[in-house]
Each structure stands twice: as structure tokens, then as C-alpha cells.
Amino acid sequence: MSTDHADHSHLSDMDVRVRALQSVLEEKGFVDPAALDELVTLYEHEVGPQNGARVVARAWTDSDYAARLFASAGPAIAELGYSGRQGEHMVALQNTPETHNMVVCTLCSCYPWAVLGLPPTWYKAPAYRAKAVADPRGVLADFGVSLPEATKIRVWDSTAEMRYLVVPMRPEGTDGWSEEALAAIVTRDSMIGTGLPHADEAAAR
Amino acid sequence: MTVPDDLASIRSDDDEPAFAAPWEATAFALKAHLVATGVLDAAAFATLLGEEMRKDHAAQDEGTAYFVAYVTALERAIATIAPPERLAAEQAAWRAAAEATPHGAPIVLDRCRDKA
């Protein structure tokens, strides 16, 4: 924070750099200010893991939808009104008793924003990006998750063109639940593959 | 490669806001907008971001180190549209505008300087 008491305004260095980027691009006609404002609002408030949770809950309750999702995730996700705006290709990964899927971006921080919103800090951290590949079972332990020895862990490296959504297994004790109740227990981490949904999550909400 | 073991210490962030400062949200939206309109190539940006993330930028201005890397990558990605000297001039204009603006009033850029 600035401690000077001058009567004029102050902009931080990063604020200045971003304002300069924005105003130069606007002046040259590459950025539409209204569209940019809309995007800021969208990512700040409307896009979040609740979108992905609805996709997972639909897949749990509608086997036809699940088949479409695993065959071609992009159009199936768009059926619920969510779409990536940058043309990235989406793949839905099905967790089974035999295979657990975990998603990372070893290069930088590629992430399925359209369904999960913004990535958590740990997803962008070198600790996760390196360890997810070298020791996925250790990562799960860090997140308090342990899987049966027999379950194989598959790690998927995201790219700018290819993004992954993990569809966790529907937990025991959720028979007869509504799609809405199911969506409420699907956590962000479970859709990255570093967590599992639990039926008793609902009680905590 | 050594495997860091401090993952557990950074994962309890469920309540953190998506952006630590408004400039982070703007930078993020700028990049999304430029990719959506075809101005910026997503893969090329990812490569630049990966490079910047390995440079250990310091967190600053109530923002995170990640977004300092992000903005730096964005500046490099659009260098053909807005060369560094053009960006530097624009930054100076914003600083001057801030100094000329009474505290509390919105800061706007005076385009008249271009006619001088």
C-alpha cells in the first residue's frame, strides 16, 4: 500500500501495465471494451465449478447423457449451456474402480475454465505440476485421499488445445438423490482428480 | 528433478477469491478475449506463460506472482501489435493521468496528447 498522502491518485505498477495493455489494444481496435467488461464479470461471478458439477450430476443420472459426454464432451457440455470461448477441445475422463484420472498442466496452467472457472493456486504451483506426474499417489495423500492399491492412476497433461474434466464415481449412499442434490456434493477437486465426492458433504452445506 | 513436498501447505485455499486484485481479472479477461477473437494463439501464449512462470517473478501490488508472469507473457505475446516502446509510452501516460487526477475520481487517459 502507498503511504504517501499526496492529493492525487496513485496506480500500482501492475495496474499501470494492465491498463496500458488494455488501452493500446482498444485504440488499435483489437479489444472491444464492452465485451471485455462482460468477460471480467463472467469469470468473476458466473463461471465456477458449479457448472462442472451439474455436468457430472447429469452424467450420473442420465446414462444417455453420460454416453454423449464420454463420446464427445464439448457438445454434451454445451447442451447445459456451458461453452469454452477459446475453441479448446474438452475431454471427459471417467473414473472407475480400475482407473482414477488426475489432471495437471505441466507447462503452465491450462484448465477447463468453462466448467470449472479459475484454477486454484495449487494447480498453478510448481509443487503440484511436478509432483502430479512424478508421484500422483503422493499428491492424493497430500489431499487426504487414498485409493485401493489395485486402482491405476492416470495423469493427463492439459494443453492450450486440450482440456480435461474428471467425472468421479458416484458415491455410495446417494440412491434416489435429485440431480441438484448430487451436483452439490461434486467438489472442484473431484473434477480435477485430486479429491472424491462424499455423500456426507451435503450435510456440511 | 526434485519433487517438492510442500504441496499440502498450499492446497487449503478453497475460500480464496479467484483474483487477488482487479488488474488480475482484467489481464485474464484480456487474454481470453484476444484468444476468442483470434488475435492471440492459445498455444503460443501457453508457451510464453510457461517460460515466465519458471522465472520466479515476485508477487506485488496486492497481486500474485502468477499474474505478474501472466501479464509479462501477455506483453510478449502482443509485441507485434504493441511493441515494448509503445507500451512504455502508454504506461507513462497512465501514470501522468493518475497524478493529474484528484484522489477518489476515476482515472481516465487523455487522448489529446496524441494531437500535440
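Attention in this report is confined to the structure presented alongside it. (Residues numbered from 1 in each chain as written. Chains lettered and ligands numbered in written order. Predicted model: local features only at pLDDT ≥ 70, side-chain atom pairs only at ≥ 80, totals over all residues. Heavy atoms only, no water.)

**What about a negative patch on the surface?**
All names here are of chain A.
Right, so step 1: On the surface, Asp32, Asp37, Glu38 and Glu46 cluster together into a negatively charged patch.
Right, so step 2: With respect to the helices and strands, the residue Glu38 is situated in helix H2 (residues 33-46).
Right, so step 3: Here Glu38 falls in the exposed class, since its relative accessible area comes to 52%. (Patch = residues over 30% accessible without salt bridge, like charges linked within 9 Å, V, L, I, M, F, W, Y side chains within 5 Å. Areas by Shrake-Rupley, 256 points an atom, 1.4 Å probe, with all protein chains shown as cover. Salt bridge = Lys/Arg side-chain N within 4 Å of Asp/Glu carboxyl O. Lys, Arg positive; Asp, Glu negative; His and termini not counted. Charge placed at Lys NZ, Arg CZ, Asp CG, Glu CD. Helix = DSSP H or I, 4+ residues; strand = E, 2+ residues; numbered from the N terminus. Buried < 20%, exposed > 50% of the residue type's maximum accessible area, 1.4 Å probe, protein only.)

**What to know about the packing of helix H1 (residues 13-27) of chain A against helix H4 (residues 65-77) of chain B**
Right, so step 1: Between H1 of chain A and H4 of chain B, whose axes approach to 11 Å, the crossing angle comes to 30 degrees. In this structure, the crossing between H1 of chain A and H4 of chain B has a hand that is left-handed. Here Met14, Arg17, Val18 and Leu21 of chain A of H1 of chain A lie close against H4 of chain B, whose contacting residues are Phe67, Val68, Val71, Thr72, Leu74 and Glu75 of chain B.
Right, so step 2: When its residues are assigned to classes, the contact of H1 of chain A with H4 of chain B shows seven nonpolar, one polar and two charged. (Axes fitted to C-alpha atoms, helices over the stretch in contact; angles between N-to-C directions. Left-handed = near helix turned anticlockwise from the far one by under 90°. Contact = heavy atoms within 4.5 Å. Nonpolar A, V, L, I, M, F, W, Y, C, P; charged D, E, K, R; others polar.)

**A closer look at unusual backbone geometry**
Right, so step 1: A positive phi is found at Asp56 of chain B, a non-glycine position, where the angle reads about 55 degrees.
Right, so step 2: For Asp56 of chain B, a relative accessible area of 67% corresponds to the exposed category.

**A few points about the packing of aromatic side chains**
When we look at a pair of aromatic rings, we describe it by the centre distance and by the angle of the planes.
Right, so step 1: According to the stated counting rule, one finds 12 aromatic pairs over all chains in the structure shown.
Right, so step 2: Taking 4.9 Å as the distance between ring centres and 65 degrees as the angle between the ring planes, the aromatic pair formed by Tyr111 of chain A and Tyr123 of chain A counts as edge-to-face. Taken as a pair, Tyr111 of chain A in the loop between strand S2 (99-104) and helix H6 (113-116) and Tyr123 of chain A in helix H7 (residues 121-124) lie far apart in primary sequence, 12 residues in all.
Right, so step 3: Under the relative-accessibility criterion, Tyr111 of chain A is labelled buried at 1%.
Right, so step 4: Its relative accessible area of 0% is what places Tyr123 of chain A among the buried residues.
Right, so step 5: Between Trp156 of chain A and Tyr164 of chain A, the ring centres sit 5.2 Å apart and the planes meet at 50 degrees, which makes this aromatic pair tilted. Considered together, Trp156 of chain A and Tyr164 of chain A belong to a single accessibility category, that of buried residues.
Right, so step 6: A network of ring pairs unites the aromatic residues Trp113 of chain A together with Phe28, Phe45, Tyr66, Phe67 and Tyr70 of chain B as a single cluster.
Right, so step 7: The aromatic ring of Tyr65 of chain A is capped on one face by Arg58 of chain A, whose charged end is 5.8 Å from the ring centroid. (Phe/Tyr/Trp six-rings, centres within 6.5 Å; stacked < 30°, edge-to-face > 60°. Lys NZ or Arg CZ within 6 Å of the ring centre and 35° of its normal.)

**Remarks on the pattern of salt bridges**
Right, so step 1: Counted by the stated rule, this structure contains 12 salt bridges over all chains.
Right, so step 2: Note that Lys131 of chain A is salt-bridged to Asp142 of chain A, the shortest N-O span being 2.7 Å. Here Lys131 of chain A, found in helix H8 (residues 126-134), pairs with Asp142 of chain A, found in helix H9 (residues 136-142); they are 11 residues apart in sequence, far enough to count as distant. Across the pair, Asp142 of chain A and Lys131 of chain A agree in class, each one buried.
Right, so step 3: One salt bridge in this structure joins Glu52 of chain B and Lys55 of chain B, with 2.9 Å as the shortest N-O distance.
Right, so step 4: Judged by relative accessible area, which is 47%, Lys55 of chain B ranks as partly exposed.
Right, so step 5: Counted as one network, the salt bridges with shared partners bring together Glu51, Glu52, Lys55 and Arg76 of chain B.

**A word on the pairing of S2 of chain A**
Residue and element names in this part refer to chain A.
Right, so step 1: Of all six residues that make up S2, six are buried, and the element is covered over most of its length.
Right, so step 2: Pairing of S2 with strand S3 (residues 152-157), which is carried by six bridges, proceeds in the parallel orientation. Across the sheet, residue Val103 finds its bridge partner in S3, namely Trp156. (Pairing = 2+ DSSP bridges.)

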